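Summary of structural features
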Amino acid sequence: MAGEPYFITTAISYPNGVPHIGHAYEVIAADAIARFKRLDGFDVFFTTGTDEHGLKIQQTATKAGISPRAFVDDMAPRFRAMAERLDCSFDRFIRTTDADHIASSQALWRRMEENGDIYLAKYAGWYSVRDEAYYDESELVTALDGSRRAEKTGTPVEWVEEESYFFRLSAYAERLLAHYESHPDFIGPDTRRNEVVSFVRSGLQDLSVSRTTFDWGVPVPGNPAHVMYVWVDALTNYITSCGFPDEADPRWRHWPADLHVIGKDIIRFHAVYWPAFLMSAGLPVPERVFGHGFLLNKGEKMSKSVGNVVDPVGLADTYGVDPLRYFVLREVPFGQDGSYSHEAIVNRLNADLANDLGNLAQRSLTMIARNCGGQVPKAGEPSAADRALLALADALPEKARGLMQDLALHAVLAEIWAVVAEANRYFAGQEPWTLRKTDPARMEAVLYTTAEVLRAVGILVQPFIPSAAARLLDLLAVVPEARSLADVGADHRLVPGTALPAPSPIFPRYVEPEA
Ligand code: ME8
């Protein structure tokens, strides 16, 4: 496929429990961006997957009485099935147990070693299994029960003393700071960038990058008594998907990644460790790392370990895939935390989808079916009102592109729905049902203009609500080859006389089931 390469990734999920709404949120958001870029002509490569090694997985499997391998083989497909159920258009679902990934992780390790950045020493310090992260004394608090915990995440830490390989992270502080300075977009949103810059400014310590007390990990090349620290192998997934270490692989054109979409809790791994590993290996670093916020259930944090997990597939079954996607992308300003509840989802679904867009499409298409012989109506000479409305619709791609630069997904939807609202005002003001008797030619022009706006809206909403958008564009007889951003506007208007299929509703209203 032609076009400039655009590589976007999600984080890879720990499959130590079933997928939760946070996982769903991340892959939906990344999918919307990937789909938008495809519509805009980019050669998109989009990956997601599972992060299957480490002590946490090994412990969970042991508790379940099965091998880590059997455990992840059962769990990983559920993550894949969730992403598929949510209509996420990933090109590769990478599992860190995939053979090419083991080879890639070992190759990256060797490159860092050859560069003199890996040495053997003894590690003594605090480790959180739940976070798979090391913490400094200064990052800990003592809980009420006397246990030591990581202040940021509240997870228990344990004292670890063992022989370990270290990565010379301390040597990269200056280079990292210089990179943040010269690439102001490298970390987003700004709050996360500030957090990372002050962390690096405070000085970096070398990072323990291997473990000897368990074996569920990628063996360290040349010393299989050690397995790699799970984050070394996890981060490497992004270059594995591009064919690393074979830089002649056609997929290598996608590296460096244009965007890593991750949650705010793992920004340090992606904006400090990962670029340092890559610099050490002599590889280009990603263009941008964006830390989205957390999705909270009625304002409360949920997590696998706390046990108040909401099943995203259940939500999709209840509300529909497109409404769920629309809700999380419209409701939560991307980059901030957000809350969801049954009431909030139903409000959005019924107000924005069923009423604003659904009714406009249903009313106008039904009138066309009944009064224009089921064909695209005649455009006539456009009035000032027609021109003004079409100009708003035609301007959407440029506006959306601008907002997508900032990953303001919610704002893109707000702009689209502002046009929908304007179209509803136009439709109500023009009263085509009255024109039917008084001025049928003018009625056709109003219906034509409305259909044209629906075409533009249908094209623009494809990244967010792909199935509903496809149905709307089908109802307008827009062929699949004419659904890209470049097809919006005066050069590609609907052709009067084109036969249209019989209209059917796009968004059913959500009705509470009988108690
Ligand atoms: O962190 N709302 O895996 P993970 C929004 N394996 N996002 C959330 C969330 C919530 N409530 N809870 C988690 C890991 N996330 C590592 C990543 S990448 C090389 C390795 C996000 O399963 C979280 O921030 O704990 C992360 O981006 C993703 O879900 C996977 O989390």
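Along each chain, numbering runs from 1 in the same order as the chain's sequence is written. For this predicted model, a pLDDT threshold of at least 70 governs which residues receive local features, and a threshold of 80 or more governs which side-chain atom pairs are given and counted, while totals over whole chains, interfaces and linings are taken from all residues.

An unreviewed UniProt entry annotates the protein chain as Methionine--tRNA ligase of Methylobacterium frigidaeris. UniProt positions are given in the numbering used here, feature names are shortened, and annotations may be inferred rather than shown by experiment. Quoted verbatim from the Function (unreviewed entry) field of the UniProt record, the comment on the protein chain reads "Is required not only for elongation of protein synthesis but also for the initiation of all mRNA translation through initiator tRNA(fMet) aminoacylation." UniProt, in the comment section headed Sequence similarities (unreviewed entry), describes the protein chain in these words: "Belongs to the class-I aminoacyl-tRNA synthetase family. MetG type 2B subfamily."

The axes are straight lines fitted to the C-alpha atoms, using for helices just the contacting stretch, and the angles between their N-to-C directions are given from 0 to 180°. By definition, any uninterrupted DSSP run of H or I lasting at least four residues is a helix, any uninterrupted run of E lasting at least two residues is a strand, and each is numbered from the N terminus. Contact geometry of helix H14 (residues 409–430) with helix H16 (residues 440–461) gives a least axis separation of 11 Å together with a crossing angle of 165°. Between H14 and H16, the angle falls in the class roughly antiparallel. Every pair of crossing elements has a handedness; the one defined by H14 and H16 is left-handed. Between H14 and H16, the residues in contact are Ile416, Val419, Val420, Ala423, Phe427 and Gln430 and Val446, Thr450, Val453, Val457, Leu460 and Val461, respectively. Each residue is assigned to one of three groups, with Ala, Val, Leu, Ile, Met, Phe, Trp, Tyr, Cys and Pro labelled nonpolar, Asp, Glu, Lys and Arg labelled charged, and all others, Gly among them, labelled polar. In terms of residue class, the contact of H14 with H16 is built from ten nonpolar, two polar and no charged. When an angle is under 35 degrees it counts as roughly parallel; over 145 it counts as roughly antiparallel; between 65 and 115 it counts as roughly perpendicular; any other value is oblique. We call a crossing left-handed when the near helix sits turned anticlockwise from the far one by less than a right angle, and right-handed when that turn is clockwise. What counts as a contact here is a pair of residues whose C-beta atoms, placed from the backbone, lie within 7 Å.

Looking now at the UniProt feature "short sequence motif: 'HIGH' region" (unreviewed entry) in the protein chain. Annotation from UniProt places "short sequence motif: 'HIGH' region" (unreviewed entry) at residues 13–23. Span residues 13–23 is 27% helix and 9% strand, its end C-alpha atoms 7 Å apart.

Any residue whose C-beta atom, as set from the backbone, lies within 6 Å of a molecule or strand is reported as near that molecule or strand. Around the ligand sit 18 residues in total, of which Ala11, Ser13, Gly22, Asp51 and Gly263 are the nearest. Counting only elements with at least two residues in the shell around the ligand, the list comes to strand E1 (5–13), helix H1 (21–39), helix H7 (230–240) and strand E14 (259–263). Residues belonging to the shell around the ligand are distributed by class as follows: ten nonpolar, five polar and three charged.

Attention shifts here to the sheet that holds strand E13 (residues 223–228). Should DSSP find at least two bridges between two strands, the strands are regarded as paired. Spatial strand order, E11-E13-E12: three strands in an open sheet with antiparallel pairing. Only two strands of the sheet have a single partner each, and these edge strands are strand E11 (210–211) and strand E12 (219–220). Here two bridges tie E11 to E13, and the two strands are oriented antiparallel to one another. Within E13, the position partnered with serine 210 by the bridge is methionine 228.

Three exposure classes are used. Buried residues have 20 or more other C-beta atoms within 10 Å of their own C-beta, exposed residues have 12 or fewer, and partly exposed residues fall in between, all C-beta atoms being placed from the backbone. A large share of E14 lies buried, amounting to four of its five residues. With three bridges joining them, E1 and E14 adopt parallel strand pairing. Each bridged residue has a counterpart across the sheet, and for threonine 9 the counterpart in E14 is histidine 260. The pairing of E14 with strand E15 (residues 289–292) spans four bridges and is classified as parallel. Residue pairing across strands places isoleucine 262 opposite glycine 291, the latter belonging to E15.

Moving on, we get to the sheet that holds strand E4 (residues 118–128). Strand order in the open sheet made by the four strands is E5-E4-E8-E10, with antiparallel pairing throughout. The sheet terminates laterally at strand E5 (133–135) and strand E10 (207–208), the two strands that pair on one side only. Where E4 lies against strand E8 (residues 158–167), ten bridges are found, and the strand directions are antiparallel. Note that in E8 the partner of tryptophan 126 across the bridge is tryptophan 159.

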